[in-house]
Amino acid sequence: MTNKKILITGGAGFIGSHVVRLFIEKYPSYQIYNLDMLTYAGNLANNSDLNDKPNYHFIKGDINDSDFIDGIFNDFGFTDVIHLAAESHVDRSITDPLAFIKTNIIGTVNLLNASRKLWKTEPNHLFYHVSTDEVYGSLHNENEFFTETTSYDPQSPYSASKAASDHFVRAFHNTYKIPCVISNCSNNYGPNQFPEKLIPLFINNILTKKPLPVYGKGENVRDWLYVKDHAIAIDVIFHNGKLGETYNIGGFNEWHNIELIHLLCKVMDKKLNRKEGESAQLISYVTDRAGHDLRYAIDAQKVMNELGWKPSLQFEEGLEITVDWYLANAEWMQNITSGEYQKYYDEMYANRA
Ligand code: NAD
Ligand code: DAU
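Definitions and limits used
Residues numbered from 1 in each chain as written. Chains lettered and ligands numbered in written order. Predicted model: local features only at pLDDT ≥ 70, side-chain atom pairs only at ≥ 80, totals over all residues. Heavy atoms only, no water. Near = heavy atom within 4 Å. Polar contact = N/O pair within 3.5 Å; in protein donor to acceptor, adjacent residues only side chain to side chain. Areas by Shrake-Rupley, 256 points an atom, 1.4 Å probe, with all protein chains shown as cover. Helix = DSSP H or I, 4+ residues; strand = E, 2+ residues; numbered from the N terminus. Nonpolar A, V, L, I, M, F, W, Y, C, P; charged D, E, K, R; others polar. Core = buried A, V, L, I, M, F, W, Y, C linked by side-chain atoms within 4.5 Å. Buried < 20%, exposed > 50% of the residue type's maximum accessible area, 1.4 Å probe, protein only. Contact = heavy atoms within 4.5 Å. Pairing = 2+ DSSP bridges. Axes fitted to C-alpha atoms, helices over the stretch in contact; angles between N-to-C directions. Right-handed = clockwise from strand over helix to strand, strands pointing away. Phe/Tyr/Trp six-rings, centres within 6.5 Å; stacked < 30°, edge-to-face > 60°.

(A) Spotlight on the site of ligand 1. The full set close to ligand 1 counts 30 residues, and Ile15, Asp36, Ser88, Tyr158 and Lys162 are the nearest of them. At 3.5 Å, a backbone N or O of leucine 38 approaches an oxygen atom of ligand 1. Leucine 84 has a polar backbone atom sitting 2.9 Å from an oxygen atom of ligand 1. Alone, ligand 1 offers 840 Å² of accessible surface; in the complex the protein occludes 97% of this. The set of elements that each furnish at least two residues to the shell around ligand 1 consists of helix H1 (14-26), strand S5 (126-132), helix H5 (157-176) and strand S7 (187-189). Residue composition of the shell around ligand 1, grouped by class: 13 nonpolar, 13 polar and four charged.

This is how it looks when you write it as structure tokens:
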């Protein structure tokens, strides 16, 4: 089916902007509708290169507003949905859980309801829900990995809200036969990530010579995937995934936070012509995140074996490309950090010293 009209939610955010770009460029016959409320995390500068593309359409709006959502489904007749819009930052979920319940759970159900009403039982539609490995909880044994059959055990308000949204997608598939797939991905990094997340926040602090706030002892482990590899996985699953299935996506690339931070400091010293070891002097151990998950590690064999996807970049290479992007896009960072960001930063980090 070439005349698809795909609604991509959260397309002005970090991962969504890469998914929108990939679909716009790779599938000129698809009409792509980017629905985004432009919260603090949404940024039209992430898609400004796409404005002149004839198959790109931007809609500003809130997925929590069910009348508005029903209205745009009727007006545009979307054939498919790729749902990324969410509140996505764990630390913010600890200070304001309700915002996560609203957008991540109610917003998702609003989209499912609108899809159900428009598509009824017609075939050839797809609701693709983009989720996270955090729904599986925290690993404590180094030989364990999250697979698609690992029980859900979310530990933060963010992951609890994403877990609930996954359950609703499955419930709509089971009850109303909504054609759906879900993918659960590990930590993404790359261009356009909002500097509240570890890597861009630390890049910005190194640039401005501010302390690097390492939570706890920096011993937590995350599995890192380059954002464009995630977008490619979403493309592959969107086109070839089996209805009703879940696919885990990951980089087979685990790093203790503190080791990653030392690598980042080294790359930044080189790029900024600073003495080796200079940036690492900014490392400052601070109060740990409440309920901090120790380790995430994804077993991504299913999407690799069944659909032929695999990560394309080594982490060292991806990290260097990422640093280069932030250095070349100082204005992008400046525009974000000159506004409300400073207030967020002061409130979030004031009590961690
Ligand atoms: P992000 O915070 O960078 O972007 C979220 C986008 O959603 C923003 O553009 C924001 O404006 C929009 N949005 C928020 N609330 C909205 C609302 N009520 N209505 C409409 N738009 C709204 O997030 P991200 O890091 O790009 O994550 C995208 C998705 O991928 C999320 O669902 C997240 O749970 C999931 N995910 C993220 C990662 C990661 O490492 N960042 C990993 C796995 C899964
Ligand atoms: O695993 C997928 C998830 O990865 C996504 O679902 C989330 O949307 C995304 O935000 C990310 O969650 P994390 O909590 O793992 O990412 P974050 O960048 O916030 O933190 C990464 C690690 O670094 C984590 O162990 C906490 C630590 N950290 C983070 C910040 C912001 C610090 O030590 N200091 C910091 O200032």
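(B) Seen up close, the nonpolar core. Ranked by internal contacts, the top residues of the largest apolar core, which has 40 residues, are Phe23, Ile82 and Tyr128. Those elements giving two or more residues to this core turn out to be strand S1 (5-9), H1, S5, strand S6 (180-185), helix H7 (227-240), strand S10 (246-249) and helix H9 (301-307). Ranked by residue count, the leading element in this core is H7, at six residues. Ignoring anything within four residues of it in the chain, the contact list for tyrosine 128 reads Val81, Ile82, His83, Val181, Ser183, Ile234, Ile237, Phe238 and Ile249. Leu201, Phe202, Tyr226 and Val267 belong to the second largest nonpolar core, which has 37 residues in total.

(C) Up close: the site of ligand 2. Thr132, Asp133, Tyr158, Arg289 and Tyr349 are the nearest of the 24 residues found near ligand 2. Backbone polar atom of leucine 198 to an oxygen atom of ligand 2: 2.8 Å apart, as the coordinates give it. At a separation of 2.9 Å, an oxygen atom of ligand 2 approaches a polar side-chain atom of asparagine 257. A total of 690 Å² of accessible area belongs to ligand 2 in isolation, and the protein chains cover 95% of it.

(D) Molecular detail of the sheet that holds S7. Ordered in space as S7-S9-S11, the three strands form an open sheet in which the pairing is mixed. The two strands at the open ends of the sheet, each matched to only one other strand, are S7 and strand S11 (254-256). Averaged over all adjacent pairs, the angle separating strand axes in this sheet is 50 degrees, with direction ignored. Across three bridges, the pairing between S7 and strand S9 (residues 221-226) is parallel. Note that in S9 the partner of asparagine 188 across the bridge is leucine 225. Against the sheet, H7 engages S7 and S9, with an angle of about 70 degrees to S9.

(E) Spotlight on the sheet that holds S5. Reading across from one edge, S3-S2-S1-S4-S5-S6-S10 is the order of the seven strands in this open sheet, with parallel pairing throughout. The sheet is open, and its two borders are formed by strand S3 (56-60) and S10, each paired with just one other strand. Averaged over all pairs of adjacent strands, the angle between strand axes in this sheet comes to 20 degrees, irrespective of strand direction. The sheet contact formed by S6 and S10 spans four bridges and is parallel. Within S10, the residue paired with isoleucine 182 across the bridge is threonine 246. The strands that H7 touches are S1, strand S4 (80-83), S5, S6 and S10; relative to S5, the one it contacts most, it runs at about 145 degrees.

(F) Expanded view of the pairing of strand S2 (residues 31-36). With five of six residues buried, S2 lies mostly within the body of the structure. Bridge analysis of S1 against S2 gives five bridges, and the strand direction is parallel. In the strand pairing of S2, isoleucine 8 is matched with asparagine 34. Crossover connection from S1 via H1 to parallel S2: handedness right-handed. As defined by bridge partners, S2 adjoins S3 across five bridges and the pair is classed as parallel. From the neighbouring strand, isoleucine 32 faces S3, where its bridge partner is tyrosine 56.

(G) Looking closely at the packing of aromatic side chains. Considering all chains together, one arrives at 24 aromatic pairs under this definition. Ring geometry for tyrosine 40 against phenylalanine 194: centres 5.1 Å apart, planes inclined by 85 degrees, an arrangement best described as edge-to-face. Taken as a pair, tyrosine 40 in the loop between S2 and S3 and phenylalanine 194 in the loop between S7 and helix H6 (198-207) lie far apart in primary sequence, 154 residues in all. Aromatic side chains phenylalanine 194 and tyrosine 341 sit 6.0 Å apart centroid to centroid with 65 degrees between the ring planes, which places their arrangement in the edge-to-face category. On the criterion of sequence distance, the pair formed by phenylalanine 194 in the loop between S7 and H6 and tyrosine 341 in helix H12 (residues 341-350) is long-range, its members being 147 residues apart. A relative accessible area of 10% means that phenylalanine 194 is categorised as buried. Given a relative accessible area of 5%, tyrosine 341 falls into the buried group.

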